[in-house]
Amino acid sequence: MAETHSLQDLRQAAVASKVFVQRDYTSGTICKFQIKFPAELESRIDKQQFEETIQTLNNLYAEAEKLGGRSYLEGCLACLTAYTIFLCMETHYEKVLKKIAKYIQEQNEKIYAPLGLLLTDPIERGLRVVEITIFEDRSIGSR
Amino acid sequence: MKNREYQQIDPQALATPPPDHTSRRLRRKWEVFPGKNRFCCEGRIIAARQSGVLPLTLALILLTSGLFFIFDCPYLVQNLTGCIPAIGGVLFVFVMVSLLQTSFTDPGILPRATPEEAADVEKQIDNPTGSSSSYRPPPRTKEVVINQQVVKLKYCFTCKIFRPPRTSHCSLCDNCVERFDHHCPWVGNCVGKRNYRFFYAFIVSLSFLTTFIFACATTHLALRSRGGNGLVIALQESPASALELVVCFFSVWSILGLSGFHTYLVAANLTTNEDIKGSWSGKSGGEDVGNPYSYNSIIKNCCSVLCGPMPPSLIDRRGFVPSDDSVQTSPVEIQLPAAKNDKNMCTQGTKGLLETASRSPLLTSSCPQAKPQAMPAVLETLPEIVPSPEPHPPKTTGGRQSTNTPHKHHSHHRSKAKQTTHHTHKTSNSSPRPYHSHSSRRKDSKNRDPKFSSLR
């Protein structure tokens, strides 16, 4: 049976390496990450699972940056108030970022930490990369 | 029952941090920010280090508007309508608010790469064979296809990242800025993705304000001189109006021109940087190049640029610098003097990066036994990072941009008699182009000489 570790246990683990999932610019400047499965994770996690996580992240970012009625309304309202509304109100983007942070924490707790991995929220890296930290797994009966 | 394979942390090691750490308070990220920026109000307000001519801009606007309200308004309210100060007031407030927001908003600065990230990128780049340390390595580029258009992403040696499309490094602020438009000395800040809409609102409202004041001052003088006194006497009675007229007359052309130019840019979803470089003009090569970011609809372009979602600031100015364990940071600090000796202009940035090496608290705690493994990983990154910019000639803090990217100036010549300063669009890119100064430009000349070959 695979060793399972909680997020707490990971705090005491050794960092073996980090993998970086870069941005995918083929659709322009929107925030999107490459779905390509990094080779270093092959032994650690299921490819499908990983791709699903990244795809969900991409969808969430697309939702944040979507040009639709709501964002136009927000933009026009902001323009009329000489953009002072940004000082008081939380923007749609920020709301989605909170959603993303929650999603990543959820994924970490449920899926990645038990496998000795940790996803870092891209916003902490300037939305450039999804950093995945691989912790050393010295269990004898490792997966 | 979980069978823990990981080493336990020795609580004693963590409970008693070394003396020099206890005296250091927790610092916020803005205090260790590597770029050339100034921060006020505990990191809430950001501005470029050089405020440029922002004080002059403010003084001019305040002076002209002040004179207008004090001298023109009373007369015009009496003889015309009371709406005049109201309209003037609204325009003035709009101008001031948008100016301050342009100047003090993060334009879309990209934080520099963490050491691990930089090392990862270095690994992926093939080192050109035979590149000795005596000359600079060729600029690193990565090609990506966006909307059937090949776009080259350039590597920024200062920030240690491949710049996203439309991002450029501002040498004045020493930051990579997303959707970099230009560095505007009049507002004392870069204009980029996050504050372009404020900048546009500023110049448009300023055009209206200048035109309005000009019209009111003219009307005022005309009304006064109609009373049979003549223009000279009217001018003597109200010299302030004369001053306003002069200031407005000379500024209205430039500001209207600039507004018109930026309206064109907004409609075409272009940046000043791209327009100057002729990235998408397709003049050279004769290939069918078009702007891959344009939605091919003026309305949609305008909406996306001006009314699109407001992206968040990526630099997290008010976040706390994680207090790294002495276990992890002390070996790093030993390496730093070596890095500094290389006259690497990025050492300041590297040190800043190392201080914020891992934001996640999970990575800051490492057990003593694991230290030997963690350390080499960190130490290895330093030699990797340092040699790459090493071949660069050492530069003083003045002329920043680290790499093979000489500074390129674009001077927007203003036909102002009083002010001899130029509206300088400072753009910098990473392609090796000779220093070029554009002396005059018209907003309506879309057929510009191809001074710069488009990005290939």
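Residues numbered from 1 in each chain as written. Chains lettered and ligands numbered in written order. Predicted model: local features only at pLDDT ≥ 70, side-chain atom pairs only at ≥ 80, totals over all residues. Heavy atoms only, no water.

In the annotation of an unreviewed UniProt entry, the entry for chain B reads Palmitoyltransferase, and the organism field reads Carassius auratus. UniProt lists a comment for chain B under the heading Subcellular location (unreviewed entry), and it reads "Membrane". Within the UniProt record for chain B, the comment given under Sequence similarities (unreviewed entry) is "Belongs to the DHHC palmitoyltransferase family." (UniProt positions renumbered as here; feature names shortened; annotations may be inferred.)

You'll find chain A entered in an unreviewed UniProt entry as Golgin subfamily A member 7, with Carassius auratus given as the organism. Its UniProt record gives chain A the following Subcellular location (unreviewed entry) comment, quoted word for word: "Golgi apparatus membrane". On record in UniProt, under Function (unreviewed entry), the comment for chain A is "May be involved in protein transport from Golgi to cell surface. The ZDHHC9-GOLGA7 complex is a palmitoyltransferase specific for HRAS and NRAS."

A. Local environment of the overall build of chain A. On a plain count of helices and strands, chain A comes out with five helices and three strands. Helices and strands appear in chain A in the N-to-C order α-β-α-α-α-α-β-β. Surface exposure of chain A reaches about 6,600 Å², of which carbon and sulfur atoms provide 55%. (Helix = DSSP H or I, 4+ residues; strand = E, 2+ residues; numbered from the N terminus. Areas by Shrake-Rupley, 256 points an atom, 1.4 Å probe, with all protein chains shown as cover.)

B. Representation of the overall build of chain B. The secondary structure content of chain B amounts to 14 helices and 12 strands. Relative to its 456 residues, chain B shows a buried fraction of 54%. Once local pairs closer than 6 in sequence are excluded, the contacts in chain B between residues at least 24 apart make up 72%. Total accessible area computed for chain B in this model is approximately 20,400 Å², and 59% of it derives from carbon and sulfur atoms. (Buried < 20%, exposed > 50% of the residue type's maximum accessible area, 1.4 Å probe, protein only. Contact = heavy atoms within 4.5 Å.)

C. Spatial organisation of the environment of B:Ile233. Residue and element names in this part refer to chain B. Within the secondary structure, Ile-233 is located in helix α7 (residues 231-237). For Ile-233, a relative accessible area of 36% corresponds to the partly exposed category. Separated by 12 residues in the primary sequence, Ile-233 and Leu-221 have C-alpha atoms spaced 9.5 Å apart.

D. Local environment of the pairing of strand β3 (residues 129-135) of chain A. Residue and element names in this part refer to chain A. β3 sits mainly inside the fold: seven of its seven residues count as buried. Going residue by residue along β3, you find Val-129, Glu-131, Thr-133 and Phe-135 tucked away on one face and Val-130, Ile-132 and Ile-134 tucked away on the opposite face as well. Judged from the seven bridges that link them, strand β1 (residues 15-22) and β3 form a sheet pairing that is antiparallel. The residue of β3 that forms the bridge with Phe-20 is Glu-131. Note that strand β2 (residues 117-120) and β3 share four bridges and pair antiparallel. Within the sheet, the bridge partner assigned to Leu-118 lies in β3 and is Thr-133. (Pairing = 2+ DSSP bridges.)

E. Geometry of the packing of aromatic side chains. Residues and elements named next belong to chain B. Inspection of every chain in the model, using the stated rule, returns 11 aromatic pairs over all chains. When the centroid spacing of 6.2 Å and the interplanar angle of 80 degrees are considered together, the rings of Phe-69 and Phe-92 count as edge-to-face. Residue Phe-69 is located in helix α3 (residues 54-79), and its partner Phe-92 is located in helix α4 (residues 83-104); the two are separated by 23 residues in the primary sequence. Residue classification places Phe-92 among the buried positions, given a relative accessible area of 18%. Seen in terms of ring centroids, Tyr-155 and Phe-162 are 5.2 Å apart; in terms of plane orientation they differ by 65 degrees. Their pairing is edge-to-face. By the burial criterion, Tyr-155 is buried, and Phe-162 matches it. An aromatic cluster of at least three residues, connected via ring pairs, comprises Phe-68, Phe-69, Phe-92 and Phe-212. Positioned above the aromatic ring of Tyr-196 is the side chain of Arg-179, whose terminal nitrogen or guanidinium carbon lies 5.5 Å from the ring centre. (Phe/Tyr/Trp six-rings, centres within 6.5 Å; stacked < 30°, edge-to-face > 60°. Lys NZ or Arg CZ within 6 Å of the ring centre and 35° of its normal.)

F. The side chain of B:His169, seen in detail. Locating B:His169 in the fold gives a position in strand β7 (residues 168-170). Looking at B:His169, its side chain comes within polar contact range of the side chain of B:Asp174, at 3.2 Å. (Polar contact = N/O pair within 3.5 Å; in protein donor to acceptor, adjacent residues only side chain to side chain.)

G. Inspection of helix α10 (residues 298-306) of chain B at higher detail. Looking at α10(B), one finds that the buried residues are B:Asn301, B:Cys303, B:Ser304, B:Val305 and B:Leu306. Buried residues belonging to α10(B) abut α3 (69-80) of chain A together with α6 (196-229) and α8 (239-268) of chain B.

H. Molecular detail of the pattern of salt bridges. Residues and elements named next belong to chain B. Counted under the stated rule, the structure contains 14 salt bridges over all chains. Across the pair Asp-174 and Arg-112 runs a salt bridge whose closest N-O atoms are separated by 3.0 Å. Within this pair, whereas Asp-174 is found in the loop between β7 and β8 (175-177), its partner Arg-112 is found in the loop between β3 (109-110) and α5 (115-124), the two being separated by 62 residues in sequence. (Salt bridge = Lys/Arg side-chain N within 4 Å of Asp/Glu carboxyl O.)

I. Representation of the sheet that holds β7(B). Residues and elements named next belong to chain B. Ordered by their spatial adjacency, three strands build an open sheet running β3-β8-β7, and the pairing between neighbours is antiparallel. Sheet topology places β3 and β7 at the edges, where each strand pairs with a single neighbour. Where β3 and β8 come together, two bridges link them in antiparallel fashion. Paired with Ile-109 across the strands is Val-177, a residue of β8.

J. Just the UniProt feature "domain: Palmitoyltransferase DHHC" (unreviewed entry) in chain B, in detail. UniProt feature "domain: Palmitoyltransferase DHHC" (unreviewed entry): in the numbering of this structure it lies at residues 152-277 of chain B. Here residues 152-277 of chain B is 61% helix and 15% strand, with 14 Å between the C-alpha atoms at its ends.

K. Geometry of the packing of α3(B) against α4(B). All names here are of chain B. Contact pair α3 / α4: the axes reach a minimum separation of 10 Å and the direction vectors enclose 170 degrees. Taken as axis vectors, α3 and α4 run roughly antiparallel relative to one another. Taking contact as the criterion, the partners of Leu-54, Thr-57, Leu-58, Ile-61, Leu-62, Ser-65, Phe-68, Phe-69, Cys-73, Leu-76 and Val-77 in α3 are, on α4, Ile-84, Pro-85, Gly-88, Gly-89, Phe-92, Val-95, Met-96, Leu-99, Ser-103 and Phe-104. Its residues assigned to classes, the contact of α3 with α4 comprises 16 nonpolar, five polar and no charged. (Axes fitted to C-alpha atoms, helices over the stretch in contact; angles between N-to-C directions. Parallel < 35°, antiparallel > 145°, perpendicular 65-115°, else oblique. Nonpolar A, V, L, I, M, F, W, Y, C, P; charged D, E, K, R; others polar.)

L. Molecular detail of the environment of B:Ser304. Counting through the fold element by element, B:Ser304 comes out in helix α10. As a C-alpha pair, B:Ser304 and B:Asn269 span 35 residues in sequence and 8.5 Å in three-dimensional space. Excluding residues within four positions of it along the chain, B:Ser304 makes contact with A:Leu67, A:Tyr72, B:Asn269 and B:Tyr295.

M. How the structure looks around the UniProt feature "domain: Golgin subfamily A member 7/ERF4" (unreviewed entry) in chain A. Here, UniProt's "domain: Golgin subfamily A member 7/ERF4" (unreviewed entry) annotation points to residues 19-131 of chain A. Structurally, residues 19-131 of chain A is divided into 49% helix and 10% strand, and its ends, taken at the C-alpha atoms, are 6 Å apart.

N. Structural detail: the sheet that holds β3(A). Residues and elements named next belong to chain A. Here three strands make up an open sheet; going across it, the order is β1-β3-β2 and the pairing antiparallel. With one partner strand each, in any of the chains shown, β1 and β2 form the two edges of the open sheet. On average, each strand axis in the sheet is inclined to that of its neighbour by 20 degrees, with strand direction left out of account. Each of β1, β2 and β3 touches helix α2 (residues 47-64); the most contacted strand, β3, lies at about 150 degrees to it.

O. Broad picture of the UniProt feature "transmembrane region" (unreviewed entry) in chain B. Residue and element names in this part refer to chain B. Summarizing the sequence annotation, UniProt attributes the feature "transmembrane region" (unreviewed entry) to residues 53-71, 77-100 and 198-223 in the numbering used throughout. Between the C-alpha atoms that bound residues 77-100 there is a distance of 30 Å. The span itself is 88% helix and 0% strand. The annotated region residues 198-223 carries 100% helix and 0% strand content, and the separation between its end C-alpha atoms amounts to 36 Å.

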